[in-house]
Amino acid sequence: MKTINTKNENETLGFAEKFARNLKGGEIICLQGDLGVGKTVFTQGLALGLNYKKNVNSPTFVIMKIYKIRNPKSEIRNLIHIDTYRLNSEKDIETIGAQEYFGRHDCITIIEWPERIKKIIPKNSIWINIEIKNKDERTIKISVPQLFPHEVK
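Analysis parameters
Residues numbered from 1 in each chain as written. Predicted model: local features only at pLDDT ≥ 70, side-chain atom pairs only at ≥ 80, totals over all residues. Heavy atoms only, no water. Pairing = 2+ DSSP bridges. Helix = DSSP H or I, 4+ residues; strand = E, 2+ residues; numbered from the N terminus. Salt bridge = Lys/Arg side-chain N within 4 Å of Asp/Glu carboxyl O. Buried < 20%, exposed > 50% of the residue type's maximum accessible area, 1.4 Å probe, protein only.

S.K.: So, the pairing of strand β7 (residues 138-143): which residues are in play, and what are the values?
M.R.: As defined by bridge partners, strand β1 (residues 2-6) adjoins β7 across five bridges and the pair is classed as antiparallel. Note on β7: the bridge partner recorded for T3 is K141. Examined bridge by bridge, strand β6 (residues 126-132) and β7 share six bridges and lie antiparallel to one another. In the sheet register, N129 faces β7, and the bridge partner there is K141.

Put into structure tokens, the structure is as follows:
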């Protein structure tokens, strides 16, 4: 497990942007943390790191958003952002077809509130827990399963 401390929102955004540069495609990133901890900020940083320059916001009410990535230096073509906060069960996520993106080499899938659908999340997913230290500071804990072929830097 790797632990990072950030002092403000910009540092969290910047760390996530750098983290995204290590992604090869097919990763499923499970973002855990309380409301307002910065899960969407982290996702915005990931999007920047994948060369997505438009607005990224939480899909709380639509459950899933697909952002098209146009980066000639990468085979990643889609950033799939899922928010399961309002779901009652794993069946709800199956209904919208989100699982078809899990593990696809041309996609990065980010799941907020993954504990709500834990039974269907692949075992090789990256788990990131964001905790509030104080008003601005965050502790980011990253757990990368050994099943993953590359190291997170």
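S.K.: How would you sum up the pattern of salt bridges? Please name residues and give values.
M.R.: Opposite charge on two side chains permits pairing when their charged atoms draw close. The tally for this structure, following the rule as stated, stands at four salt bridges. With a closest N to O distance of 3.8 Å, E131 and K141 form a salt bridge. In this pair, E131 sits in strand β6 while K141 sits in strand β7, placing the two residues ten residues apart along the sequence. For K141, a relative accessible area of 27% translates into the label partly exposed. Across the salt bridge formed by E137 and K133, the nearest N and O atoms sit 3.9 Å from each other. What makes E137 partly exposed here is its relative accessible area of 25%.

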